[in-house]
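These are the residues of each chain, in order.
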Amino acid sequence: MIDNSDLPIGFTMELAQHSDILNRFAGLSESERNAIIEGARDINSRQEMRNYVESMFYEPKSSFF
C-alpha cells in the first residue's frame, strides 16, 4: 500500500496528471516504488519532476542497423 504522506508533493502532483504512469507505478513492487520515490526526493524544480515522472517507464527503442 502506498502511503501518500511518504511521497514528495511534487511527485504526487505529477502522478495525478499522468494516470497511465500512476497505474504502472502502483503495480510495482514496494522496493521498486521506494527506489523511484527516493529518486524523486532529489528533484528541485517542477520541470525536473515532470521530466522524471514522464521518463520513469521510458524504454528507448533499439535500432537494428
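Remember, it's a predicted structure, so these values are computed and weren't measured experimentally.

**Overview of the overall build of the protein**
Across its full length, the protein carries four helices and zero strands. N-terminal to C-terminal, the α/β element order of the protein is α-α-α-α. Looking at the 65 residues of the protein, the share that counts as buried comes to 28%. Accessible area for the protein stands at about 5000 Å²; split by element, carbon and sulfur atoms hold 51% of it.

**Some thoughts on the packing of aromatic side chains**
Scanning the entire structure with this criterion turns up two aromatic pairs. When the ring of F11 is compared with that of F25, the centres are 5.4 Å apart and the planes differ by 75°; the resulting orientation is edge-to-face. Remark: F25 occurs in helix 2 (residues 19–26) and F11 occurs in helix 1 (residues 9–17); sequence separation between them is 14 residues. For the pair formed by F11 and F25, the shared burial category is buried.

**Things to note about the packing of helix 1 against helix 2**
Where helix 1 meets helix 2, the axes come as close as 5 Å, and the angle between the chain directions of the two elements is 115°. Every residue of helix 2 that contacts helix 1 at F11, L15 and Q17 is listed here: S19, I21, L22 and F25.

**Description of helix 3 (residues 30–41)**
With 12 residues, helix 3 extends 16 Å from end C-alpha to end C-alpha; this agrees with the ideal 16 Å at 1.5 Å per step. Along helix 3, the residues that are buried comprise R33, I36, I37 and A40. Considered in projection along helix 3, the buried side chains sweep an arc of 100° and stay on one side of the axis. Turned more than 90 degrees from where helix 3 packs its buried face, S31 and A35 sit exposed. Of the surrounding elements, those touching the buried residues of helix 3 are helix 1, helix 2 and helix 4 (46–55).

**Quick notes on the side chain of H18**
Within the fold, H18 resides in the loop between helix 1 and helix 2. Assessed through its relative accessible area of 15%, H18 is described here as buried. Among the polar contacts made by the side chain of H18, one reaches the side chain of E54 at a distance of 3.0 Å. The contacts of H18, once residues within four sequence positions are left out, are V53 and E54.

About the thresholds
Residues numbered from 1 in each chain as written. Predicted model: local features only at pLDDT ≥ 70, side-chain atom pairs only at ≥ 80, totals over all residues. Heavy atoms only, no water. Helix = DSSP H or I, 4+ residues; strand = E, 2+ residues; numbered from the N terminus. Buried < 20%, exposed > 50% of the residue type's maximum accessible area, 1.4 Å probe, protein only. Areas by Shrake-Rupley, 256 points an atom, 1.4 Å probe, with all protein chains shown as cover. Phe/Tyr/Trp six-rings, centres within 6.5 Å; stacked < 30°, edge-to-face > 60°. Axes fitted to C-alpha atoms, helices over the stretch in contact; angles between N-to-C directions. Contact = heavy atoms within 4.5 Å. Expected span 1.5 Å × (residues − 1). Arc of directions from axis to C-beta. Polar contact = N/O pair within 3.5 Å; in protein donor to acceptor, adjacent residues only side chain to side chain.

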